[in-house]
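Topology and contacts: notes
Read off the chains here:
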Amino acid sequence: MKIHIIGCSGSGKTYFAKMLSDKYNIPHFDLDDIQWDTDKGYGLKRPIEERNKLLQEILCNGEWIIEGVYYAWVQQSFEEADIIYVLDMPRYIYKTRIIVRFVKRKLGIEAGKRETLKSVYNLMKWTETFQSKNLKVIKDILDKYSNKVIWISDKKEIQQIIKRG
């Protein structure tokens, strides 16, 4: 099984991917780990050749779950995926999740990227652009895969998919 999950920051991509990964025993890959060179510090992009090589290594696996916000450089994963989930959650959900995640990381309750108030503010602004512009581009890209695209706009739908498999 090959699954691609795309959606805005805070939409539940990582949670959904982990749940499906556990349920089906399929490896889960976060595209942020491919896009960003975390060894050199968050905020530094990997060279394009290195990023593309890492993506190809994932796609060579018989099964995978890929999740992230990216769409321009992951066309092959859309083509090879058996199913593509697009998480299009209401604004209040992803904004609340971003803030809660920030607080948990600051308190040391949750591991993750080091964020500042400014970076969270910028992320909140970016999510508006993602929802108003990028999601339209993603829809256009995914139109040719309509037979395997499932749009999700409610967290209950995610729970139903996880339960039924």
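We now turn to the structure provided with this report. Model, not experiment: these values are computed from the prediction.

Glancing now at the overall build of the protein chain. Of regular secondary structure, the protein chain possesses 7 helices and 5 strands. Helices and strands in the protein chain line up, N terminus first, as β-α-β-α-α-β-α-β-α-α-β-α. Radius of gyration (C-alpha) of the protein chain: 16 Å, near the 15 Å computed for a compact globule of 165 residues. The principal-axis extent of the C-alpha atoms belonging to the protein chain is close to 40 × 40 × 30 Å. The proportion of buried residues among the 165 residues of the protein chain is 44%. Within the protein chain, contacts between residues separated by at least 24 positions form 72% of all contacts whose residues are at least 6 apart in sequence. Carbon and sulfur atoms make up 53% of the accessible area of the protein chain, which totals about 9500 Å².

Let us now look at helix α7 (residues 155–164). When we look at burial in α7, the residues that qualify are I158, I161 and I162. Projected down its long axis, α7 carries its buried residues within an arc of 95°, all on one side. More than 90 degrees from the buried face of α7, the exposed residues found are K156, K163 and R164. In this fold, the buried residues of α7 make contact with α1 (13–24), β4 (83–87) and β5 (149–152). Structurally, the start of α7 carries an N-cap: the backbone nitrogen of K156 is 2.7 Å from a side-chain oxygen of D154.

On to the pairing of β4. A regular strand places its side chains on the two faces of the sheet in alternate fashion. Judged by how many residues are buried, β4 sits mostly within the fold: 5 of 5 residues are covered. Residue alternation in β4 divides its side chains into two sets, I83, Y85 and L87 and I84 and V86, and both sets are buried. The pairing of strand β1 (residues 2–7) with β4 spans 5 bridges and is parallel. Within β4, the position partnered with I6 by the bridge is V86. Sheet analysis places β4 next to β5, joined by 4 bridges and oriented parallel. Bridge pairing in β5 links I84 to V149.

Criteria and cut-off values
Residues numbered from 1 in each chain as written. Predicted model: local features only at pLDDT ≥ 70, side-chain atom pairs only at ≥ 80, totals over all residues. Heavy atoms only, no water. Helix = DSSP H or I, 4+ residues; strand = E, 2+ residues; numbered from the N terminus. Rg over C-alpha atoms; globule rule 2.2 N^0.38 Å. Buried < 20%, exposed > 50% of the residue type's maximum accessible area, 1.4 Å probe, protein only. Contact = heavy atoms within 4.5 Å. Areas by Shrake-Rupley, 256 points an atom, 1.4 Å probe, with all protein chains shown as cover. Arc of directions from axis to C-beta. Polar contact = N/O pair within 3.5 Å; in protein donor to acceptor, adjacent residues only side chain to side chain. Pairing = 2+ DSSP bridges.

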